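Letter by letter, the chains look like this.
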Amino acid sequence: MAINTEKLGYILQSFVTTTADIQGAAVVTPDGLPLSANLPGGMDEERVSAMSAAMLSLGERIGVELARGNIDRISVEGNEGFSILTSCGEDAVFLVLASQAAKQGVLMLEIKRAVSELKKVLS
Amino acid sequence: MADHFYGYLGRDAEMSNILNAQEGRIHRLRETFVQWFHEMFTGMDAWGKDYADRRWRIGLVHVQIGIGPQHVVPAMAIVVHEVGKRLQADGKDQALKEALSRICMIDLAFIEQAYVEVSSAAVLRETGWTEGLFRRLIATGASSM
Ligand code: HEM
């Protein structure tokens, strides 16, 4: 089934612009292909997409290997901010970039909300 | 041929270590090597599927032990070289030499192909990555080299 990328783009756009401390977001396929991306300028969309898919998959594998059950999300924390990867159903990975100032609890809630919206478009 | 082959491998410290890493390995190998050499002439099932499967399996065994193309290619060169010397000494036809060299190259291609395929299949298995993702990572990585 064809995915409505226009709608995905719209959801990402409003997620990035209306959520505090969010700097970018992208939806990519498990093959690492960007479906829709709203990333800060200068970031290589193709590379970021491939790495995101690779990271989530590897995280899920290590979750199994280390008996951590189903993986909710992968979070990479640096002194400049966070990047959070969440599975968005079988066929997509959701990447979110947030600044250092982001409040974790709020961020997770917003991501959850966005994922359910994205899933509707993807299914 | 086996003497030349193991003589060559034995002269390289790294390969010699691998060969002697297990008790009796050399003896086992000598037998399998002679068998391999013999099969090039008989072709098993007229160089069909069984032949291909067997060659692929040989490649897999080497990947499992960690022997890469950098070892296998020069080893095959030794085989081709020694075959040529022997044929010349026996006054055999040039066409025979060419045919044998060719089948050696085909066998080498199988071992090499197994190396590439087994290496990537192993990474996919460990990481859960799809083939498409793996190719994409190679492409994005290679483009920045
Ligand atoms: C022309 C290249 C080569 C050929 C035709 C060849 C042939 C073979 C064959 C037929 C086997 C048995 C596979 C099986 O068990 O199913 C084998 C195994 C093996 N080969 Fe090679 N080989 C080659 C190069 C090398 C090189 C360069 C090394 C480096 C030291 C090597 C080391 C070994 C070892 C350690 C084993 C496993 C022995 C065991 O423990 O059973 N081979 N090879």
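Let us look at the structure shown here.

Rules of the game
- Residues numbered from 1 in each chain as written.
- Chains lettered and ligands numbered in written order.
- Predicted model: local features only at pLDDT ≥ 70, side-chain atom pairs only at ≥ 80, totals over all residues.
- Heavy atoms only, no water.
- Helix = DSSP H or I, 4+ residues; strand = E, 2+ residues; numbered from the N terminus.
- Buried < 20%, exposed > 50% of the residue type's maximum accessible area, 1.4 Å probe, protein only.
- Contact = heavy atoms within 4.5 Å.
- Pairing = 2+ DSSP bridges.
- Axes fitted to C-alpha atoms, helices over the stretch in contact; angles between N-to-C directions.
- Near = heavy atom within 4 Å.
- Polar contact = N/O pair within 3.5 Å; in protein donor to acceptor, adjacent residues only side chain to side chain.
- 1 Å grid on protein atoms, 1.4 Å probe; cavity = no way out; pocket = protein on both sides within 12 Å on 5 of 7 lines; lining within 4 Å.
- Sits in = over half its atoms within 2 Å of the grid points.
- Donors = N, O, S within 2.8 Å, 3.2 Å for Na, K, Ca; no water.

Some words on the overall build of chain B
Then comes step 1: Scanning chain B for helices and strands turns up seven helices and zero strands.
Then comes step 2: When the helices and strands of chain B are read in sequence order from the N terminus, they spell out α-α-α-α-α-α-α.
Then comes step 3: With respect to the principal axes defined by its C-alpha atoms, chain B has extents near 55 × 35 × 30 Å.
Then comes step 4: Expressed as a percentage of the 145 residues in chain B, the buried residues total 36%.
Then comes step 5: Counting contacts in chain B only where the partners sit at least 6 residues apart, residues at least 24 apart contribute 62% of the total.

Examining the sheet that holds strand S5 (residues 93–99) of chain A
Paired through backbone hydrogen bonds, the strands of a sheet run either parallel or antiparallel to each other.
Residues and elements named next belong to chain A.
Then comes step 1: Judged by pairing direction, the sheet is antiparallel, and its five strands sit side by side in the order S2-S1-S5-S4-S3 without closing on themselves. Bordering the open sheet on either side are strand S2 (34–38) and strand S3 (73–78), each of which pairs with just one other strand. When the angles between neighbouring strand axes are averaged without regard to direction, this sheet yields 10°.
Then comes step 2: Summarising the sheet, strand S1 (residues 22–28) and S2 pair through four bridges and their orientation is antiparallel. Bridging from a neighbouring strand, Ala25 pairs with Asn38 of S2.
Then comes step 3: Helix H1 (residues 5–18) rests against S1, S2 and S5 of the sheet, and its axis sits at about 30° to S2.

Quick look at the site of the ligand
Residues and elements named next belong to chain B.
Then comes step 1: Of all residues adjacent to the ligand, which total 21 residues, the nearest are Arg25, Arg28, Leu29, Arg54 and His62.
Then comes step 2: At 2.9 Å, a side-chain N or O of Arg25 approaches an oxygen atom of the ligand.
Then comes step 3: In this structure, a nitrogen atom belonging to the ligand sits 2.8 Å away from a side-chain N or O atom of His62.
Then comes step 4: Put simply, the ligand lies in the largest pocket.
Then comes step 5: Mapped onto the shell around the ligand, the elements with two or more residues apiece are helix H1 (2–11), helix H2 (13–19), helix H3 (25–42), helix H4 (49–65) and helix H5 (69–89).

Re the coordination of the iron atom of the ligand
Then comes step 1: Of all protein atoms, just one serves as a donor to the iron atom of the ligand, and that atom is B:His62 (NE2), at 2.0 Å.
Then comes step 2: In this fold, B:His62 is placed in helix H4.

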